[in-house]
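Structural characterization, general
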Amino acid sequence: MRVEGSEFLRGAKSDLEKLVGELAQYFQYVSILATDSWGKRYGVQKSGVQVEESRWTERGFVARVFNGRNYSEYSFNQLQPVADMVDAVREAAERSLRRMTQAGAPVARLPLIEETETEGSFHGEVGILPGRMSVADKLARLAEIRDQAFAQSERLVDFRAIYEEVQVAKVFLSQRKQLEQAYVWSQGYLFPIVRRDGRTKRAFRAFSGLKGPELLEEMAGAVPASIQLAESLLDAAAVPPGEYEVICAPEVVGLIAHEAFGHGVEMDMFVKKRAKAEEYLGQAVASPLVTMHDGAAAACHVSSYWFDDEGTPAGDTIIIDAGILRTGISDLLSALRLGTPPTGNGKRESFERKAYARMTNTFFAPGNDRLEEMIASIRHGYLLDGAESGMEDPKNWGIQCMVLRGQEIRDGRLTGKLVSPVLMTGYVPDLLRSISMVSGEVRLFGSGACGKGHKEWAKVSDGGPYIKAKARLG
């Protein structure tokens, strides 16, 4: 089903076009991003149900103008008479420049944004539009999923099923661009908690994509596996600390991609001299088996769009090509500062927040190995699965990944012994250079969000194939 745009934005467009035209009399560059995104989050567990507005809901506008030296922005959430909005934007631009000058702060001079004449629209497709399924029906399906779980295991003490859907609509207007896009993404989680002999463990399974309520059926089909996963952790031991040969499942590979050379190549950090990657452009940073992409057009997942929050078309950036670090990902203003092309990675948490260079769909490209061959090649190691959280240090290339579980491998076979949780740490180039096998299947995951700046969040996805590497575990 086709995702339609926003009635609110259609009603506002005429006034916004007039505002761009009026502001163009005072500023050489003018753009306006208008956003109308709405959604709900549904939760069902043993003790009850919950329905709340999605945290990604927003409605408002941000105007950007060239103030003669660089760019000023003014955000607002209510349309006023065009003359009043012109005065507000002009006053805000003059005030911000005056304050920086009076404070003695260095004010960078940026060139004028050069745009190509572009007009068009994009409408996503989903199996079921969110509005075509009632709130009651969504809660009823989640309740069925919960009841299905309790019927399966006597060890289950609680089970939480969460489903969230968001419809995004954006309009970007400037002197040379008229762009519109509308799409839907959704995400869901299963959280079983099991107990035996006083020992309690929890697990999770996550689901996401450019999908509507059809995601609920994917969740229902994964209930048995989620219960089995939680029960298996009751027998898990702590991993003996040390360096091992490991096979990382696609979800863990996505976490590595995100933390290692996702954050590390956000080029606004190049501007601030806070990224070590800038020193290694054109150099080998990984095994020749490693090729890594980022881009809203590089894959079809929750961070896919037609244009970013600065009106730049979505791209497919090859960050690492056969082990060589080629480039980073950039918002528009960082690209102007660096003299590089923007890559379509300018994203805002909302219309009230600035645009940063942010990841979109970040993933390793597939190889030619099979998982069975990778397991058979290991004398003693672990198959790591279930990404929980990660941290990175773009200045020093340290990485830390928390993984839900590791399945022991001895003499080329899975032994059935589990370790959990598993902390994987290391120096990014050492980890990436140790990659010796890469499978042919790529999977992406987009149930989380990425924080940056003043903890401003953006939807991202990441993933890859199975990889074999060496890593420190603890």
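Residues numbered from 1 in each chain as written. Predicted model: local features only at pLDDT ≥ 70, side-chain atom pairs only at ≥ 80, totals over all residues. Heavy atoms only, no water.

**Some thoughts on the sheet that holds strand β16 (residues 361-364)**
Hydrogen bonds along the backbone pair up the strands of a sheet, which may run parallel or antiparallel. What counts is decided by this rule: At least two DSSP bridges between two strands are required for those strands to pair. Strands here are runs of E lasting at least two residues and helices are runs of H or I lasting at least four, both read from the DSSP assignment and numbered beginning at the N terminus.
As summarised here, the arrangement of the 6 strands in space is β13-β12-β11-β16-β25-β22, forming an open sheet in which the pairing is mixed. This sheet does not close on itself; its edge strands, each paired only once, are β13 (324-325) and β22 (443-445). One ladder, built from 3 bridges, connects strand β11 (residues 292-294) with strand β12 (residues 317-321); its direction is antiparallel. Within the sheet, the bridge partner assigned to D294 lies in β12 and is T317.

**Section: the domain arrangement of the protein**
Rules: Per the annotation, domain bounds derive from an automatic or database assignment of domains. Residue contacts follow a heavy-atom distance rule, with two residues in contact if any of their heavy atoms lie within 4.5 Å. Buried area adds together the accessible area that both of two parts lose upon being put together, with accessible area traced by a 1.4 Å probe.
For the protein, the domain assignment lists domain 1 (7-102 + 119-234) and domain 2 (242-473). Relative placement of domain 1 and domain 2: their C-alpha centres are 23 Å apart. Each partner contributes to the interface: domain 1 provides 40 residues, whereas domain 2 provides 37 residues. Interface area lost by domain 1 to domain 2 is led by W56, R64 and L210, which between them contribute 17%.

**A word on helix α5 (residues 223-232)**
Selection criterion: Here's how the labels work: a residue is buried when its accessible area is under 20% of the maximum for its type, exposed when over 50%, partly exposed in between, all with a 1.4 Å probe on protein chains only. When we speak of the arc, we mean the arc of directions from the helix axis to the C-beta atoms.
When we look at burial in α5, the residues that qualify are V223, S226, I227, L229 and A230. Angular distribution of buried residues about the axis of α5 spans 160°; they occupy a single face of the element.

**Things to note about unusual backbone geometry**
Going from S420 to P421, the amide bond is cis rather than trans, its omega being -15°. Mapped onto the fold, P421 is located in the loop between β19 (413-419) and β20 (422-427). Its identity is not glycine, yet D197 carries a phi of approximately 55°, on the positive side. Accessibility expressed as a relative area gives 76% for D197, which makes it exposed. If you check the backbone angles, K273 has positive phi at about 60° while not being a glycine.

**Description of the pattern of salt bridges**
Stated precisely, the cut-off is as follows: The term salt bridge refers to a pairing of a side-chain nitrogen on Lys or Arg with a carboxyl oxygen on Asp or Glu at a separation within 4 Å.
On inspection of all chains with the given rule, the structure shows 30 salt bridges. When the shortest N-O distance is used, the salt bridge between R155 and E231 registers 3.8 Å. With R155 in the loop between α3 (135-152) and β6 (156-174) and E231 in helix α5, this residue pair connects regions lying 76 residues apart in the sequence. Judged by relative accessible area, R155 falls into the partly exposed class, the value being 36%. A salt bridge links R405 to D385; the nearest nitrogen and oxygen atoms lie 4.0 Å apart. Separated by 20 residues along the polypeptide, R405 in strand β18 (residues 398-410) and D385 in strand β17 (residues 380-393) bring together distant segments of the chain. Several salt bridges share partner residues, and in doing so they unite R64, E73, E310 and R348 into one network.

**Examining the side chain of K276**
To be explicit about the condition: Under the counting rule used here, the positive set is Lys and Arg, the negative set is Asp and Glu, and His together with the chain ends is not counted.
Among the structural elements, K276 can be located in the loop between α7 (268-271) and β11. Notably, K276 is buried but unbridged: the nearest opposite-charge side chain belongs to E279, and the N-O separation is 4.2 Å. Once you skip the residues sitting within four places of it in the chain, K276 turns out to touch P394, K395, N396, W397 and Y427.

**A closer look at the pairing of strand β3 (residues 58-66)**
Put simply, side chains in a regular strand alternate between the two faces of the sheet. Counting buried positions over the 9 residues of β3 gives 8, a clear majority of the element. The pairing of strand β1 (residues 30-45) with β3 spans 8 bridges and is classified as antiparallel. If you follow T35 over to β3, its bridge partner there is G60. Here 6 bridges tie β3 to strand β4 (residues 71-76), and the two strands are oriented antiparallel to one another. Bridging across to β4, F61 finds its partner in F76. Linkage of β3 to β4, two consecutive antiparallel strands, is achieved through a turn of 4 residues, within which G68 is found at a positive phi near 105°.

**A short note on α3**
Keep this limit in mind: Expected span of a helix, by definition, is 1.5 Å for each gap between consecutive residues, and there is one gap fewer than residues.
Between its terminal C-alpha atoms α3 stretches 26 Å, which fits the 26 Å expected from 18 residues at 1.5 Å a residue. Residues of α3 that are buried: K138, L139, R141, L142, A143, I145, R146 and A149. The inward-facing, buried residues of α3 contact β1, β2 (48-53), β6, β7 (177-196), α4 (215-221) and α5.

**Examining the environment of L255**
Along the chain, the position of L255 falls in helix α6 (residues 250-261). With 116 residues separating them in the primary sequence, L255 and L371 have C-alpha atoms 19 Å apart. In this structure, L255 is in contact with A387, S389, G390, C401, M402 and D462, ignoring residues within four places of it in sequence.

**A short note on the packing of α3 against α5**
Helix-helix packing is described using two parameters, namely the angle between the two axes and the distance between the axes. Formally: Between N-to-C directions, angles cover 0 to 180 degrees, with each direction set by a line fitted to C-alpha atoms, over the stretch in contact for helices. For classification purposes, an angle smaller than 35 degrees is called roughly parallel, one larger than 145 roughly antiparallel, one from 65 to 115 roughly perpendicular, and anything else oblique. In this scheme the crossing of two helices becomes right-handed for a clockwise turn of the near helix relative to the far one and left-handed for an anticlockwise turn of less than a right angle.
Viewed as axis vectors pointing N to C, α3 and α5 meet at an angle of 50°, and their least axial separation amounts to 10 Å. With respect to their mutual orientation, α3 and α5 come out oblique. By crossing handedness, the relation of α3 to α5 is classed as right-handed. Contact with α3, carried on its side by I145, Q148, A149 and Q152, involves V223, P224 and I227 of α5 and no other residues of that element.

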